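Here is how the chains run, residue by residue.
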Amino acid sequence: MKKLKISRKWTIFSVTANGTFMATLSAGIVNIALPTMAEEFQVKLEDIQLVVSMYLLVLTCLLPVFGKLSDMYSRKWMYLGGFITFGVGALFGAVAWSLPSMLFARAIQGVGSSAMMATSQALIAQVFHGKSRGKAFGAIGAVVACGGLAGPAIGGALIQAWGWQSVFWLTLPICILGVWRGIYLIPRFHPLKHVKMDWLGATLYIIMSFCFLYAMNNGAAKGWDSLGILASFILSIFFFIFFLRREKTSPQPFMGLSIFRIPAISYGCAVAVLGYTSLFTNSVLLPFYLTDIMHMDPVKIGLLMLPFPITLAITSAVSGALCSRWPARIITTAGFVLLIISTLMFAFIGSTPSLCYIILAQLIMGAGSGTFQVPNNNTVVSAAPKEKLGVVASVNALSRNVGMISGIALSVAIFTAVQNLALGRGLGTTDAFIRAYMAAMLFGTLCAAVGGILSVKRK
């Protein structure tokens, strides 16, 4: 690939930022719409959270596959194909009439988002080098924050005025704009012809991850001791063993587990899993807390969600600039300290907190998120061998999404178990909710603490 001018690099960046903004905007809006969807579809909390989890499940299962394919073929068309698929899923979501039809739409969106996410970081790493790469990742973090910032505010207003369907219609013009710009602005980078796909290894990975993530997603709804959930966990273990054997014996392994011998990659992925698990313990539960305990409408909920992406945007840009000056472990550890403080604040929020208390907790959580994400992403991707750039970028994204799914599934499971136990002991509905919310958020604190310890130990 010929050397690109700096202006050209940031033009290419703007296209990847378009897709990132759309994905985060959609995610933020859908989270706000969950209580309204649950009421219209007449389903419970543990069922409606599948709208988020299905999207993450499909996305996560396919990430390394698209990452590998992006090393083999054109990253440009892989990225744009994901854009188009995401838009098709949004169209199906807008006309969904039941929970199963919504889950189908979100699965399609998951496929599209997986293709975009697996290639966007690799595109940035391929275009930017040295100090500018940290700034680019910091800018992407700011874009994520802007999408998160706009999502709740726009979503609350749209839902109030035109219902939850409008949040999906909003995605379509953004998709059309992104594809049109990408066709003309993204160059066709030359793929690595010697890289081959191990389709057996890929199939084993997809089955393994699907079984595990299906069990994690549905454990709360179906019961962790149910036959289907236990069978899914057992199958995931068997296929994990087969996958490891295939990785060791294949002449062209699907993922290449040797990448985890690189400390920057192994520590970075572990830190990402724990950080996002901690963050996502609150993503589904907070809107329900504000609805059921604080009795707020969607517009007010959207406004109260804004402080998180505001500080996420600011700290992402700052930590991106600091990547070339300070060691990553110092910056990421500071981020985890902030996550610990914020999750503890939510754990002891009570039933009558002031608005200032909620806003402060959101600000601190957003600051912690932006502080640890950017240097961690930069460290992992920068350590990738050239021939495995797409795979490492997708594995980095995979780690984040495993954390997201784990945070949602485990926090809802803890919340449901503690709430049922409290109700069984005669506590009122509000007290049972508060006790269950505390338990889920203390779990988030524990994850942040372990993540902070690993962050200190990294080189």
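Each remark here, short or long, concerns the structure printed above.
Reference entry: report on the structure contained in this document.

Conventions we followed
Residues numbered from 1 in each chain as written. Predicted model: local features only at pLDDT ≥ 70, side-chain atom pairs only at ≥ 80, totals over all residues. Heavy atoms only, no water. Helix = DSSP H or I, 4+ residues; strand = E, 2+ residues; numbered from the N terminus. Rg over C-alpha atoms; globule rule 2.2 N^0.38 Å. Buried < 20%, exposed > 50% of the residue type's maximum accessible area, 1.4 Å probe, protein only. Contact = heavy atoms within 4.5 Å. Areas by Shrake-Rupley, 256 points an atom, 1.4 Å probe, with all protein chains shown as cover. Lys, Arg positive; Asp, Glu negative; His and termini not counted. Charge placed at Lys NZ, Arg CZ, Asp CG, Glu CD. 1 Å grid on protein atoms, 1.4 Å probe; cavity = no way out; pocket = protein on both sides within 12 Å on 5 of 7 lines; lining within 4 Å. Points joined across faces, edges and corners; volume = space filled by probe spheres on them. Patch = residues over 30% accessible without salt bridge, like charges linked within 9 Å, V, L, I, M, F, W, Y side chains within 5 Å. Salt bridge = Lys/Arg side-chain N within 4 Å of Asp/Glu carboxyl O. Axes fitted to C-alpha atoms, helices over the stretch in contact; angles between N-to-C directions. Parallel < 35°, antiparallel > 145°, perpendicular 65-115°, else oblique. Left-handed = near helix turned anticlockwise from the far one by under 90°. Nonpolar A, V, L, I, M, F, W, Y, C, P; charged D, E, K, R; others polar.

### Section: the overall build of the chain
Right, on to step 1. The helix and strand inventory of the chain stands at 18 helices and zero strands.
Right, on to step 2. The C-alpha radius of gyration computed for the chain amounts to 21 Å, which stays within 12% of the reference 23 Å derived for 459 residues, consistent with globular compactness.
Right, on to step 3. Within the chain, the proportion of its 459 residues that are buried is 61%.
Right, on to step 4. Summarising the internal contacts of the chain: among those between residues at least 6 apart in sequence, 83% fall at separations of at least 24.
Right, on to step 5. About 18,300 Å² of surface is accessible on the chain, with carbon and sulfur atoms providing 70% of the total.
Right, on to step 6. In the chain, which carries 33 positive and 12 negative side-chain charges, the distance between the mean positions of the two groups comes to 22 Å.

### Details of the layout of surface pockets
Right, on to step 1. Taken as a whole, the largest pocket spans an internal volume of roughly 550 Å³.
Right, on to step 2. As for the largest pocket, its lining consists of 22 residues, and the residues nearest its centre are Tyr 205, Met 208, Phe 240, Leu 398 and Val 402.
Right, on to step 3. Those elements that place two or more of their residues in the lining of the largest pocket are α9 (199-222), α10 (227-249), α11 (263-280) and α17 (389-424).

### Some thoughts on a nonpolar patch on the surface
Right, on to step 1. On the surface, a nonpolar cluster with roughly 650 Å² of combined accessible area is contributed by Ile 84, Val 88, Leu 91, Phe 92, Val 95, Phe 104 and Trp 169.
Right, on to step 2. When residues of the nonpolar patch are assigned to their parent elements, the largest contribution, four residues, is made by helix α4 (residues 75-94).
Right, on to step 3. Take Val 88: it is sitting in helix α4.

### Here we look at the pattern of salt bridges
Right, on to step 1. Applying the stated criterion to the full structure yields one salt bridge.
Right, on to step 2. Where Asp 198 meets Arg 246, a salt bridge forms, and the shortest distance between an N and an O atom there is 3.0 Å. Here the residue Asp 198 occupies a position in the loop between α8 (171-185) and α9, and Arg 246 occupies one in helix α10, the gap between them amounting to 48 residues.

### Thoughts on unusual backbone geometry
Right, on to step 1. Phi is positive for His 295, close to 55°, though the residue is something other than glycine.
Right, on to step 2. As for its placement among the helices and strands, His 295 is situated in the loop between α12 (285-292) and α13 (298-304).

### Overview of the packing of α11 against α17
Right, on to step 1. Between α11 and α17, the least distance of the axes is 7 Å, while the angle of their chain directions is 30°. Taken together, the axis directions place α11 and α17 in an arrangement best described as roughly parallel. Between α11 and α17 lies a crossing of right-handed hand. Facing α11, whose interface residues are Ile 265, Cys 269, Ala 272, Val 273, Tyr 276, Thr 277 and Phe 280, α17 presents Val 392, Val 395, Ser 399, Arg 400, Val 402, Gly 403, Met 404, Ser 406, Gly 407, Ile 408 and Ser 411.
Right, on to step 2. Partitioning the contact of α11 with α17 into residue classes produces 11 nonpolar, six polar and one charged.

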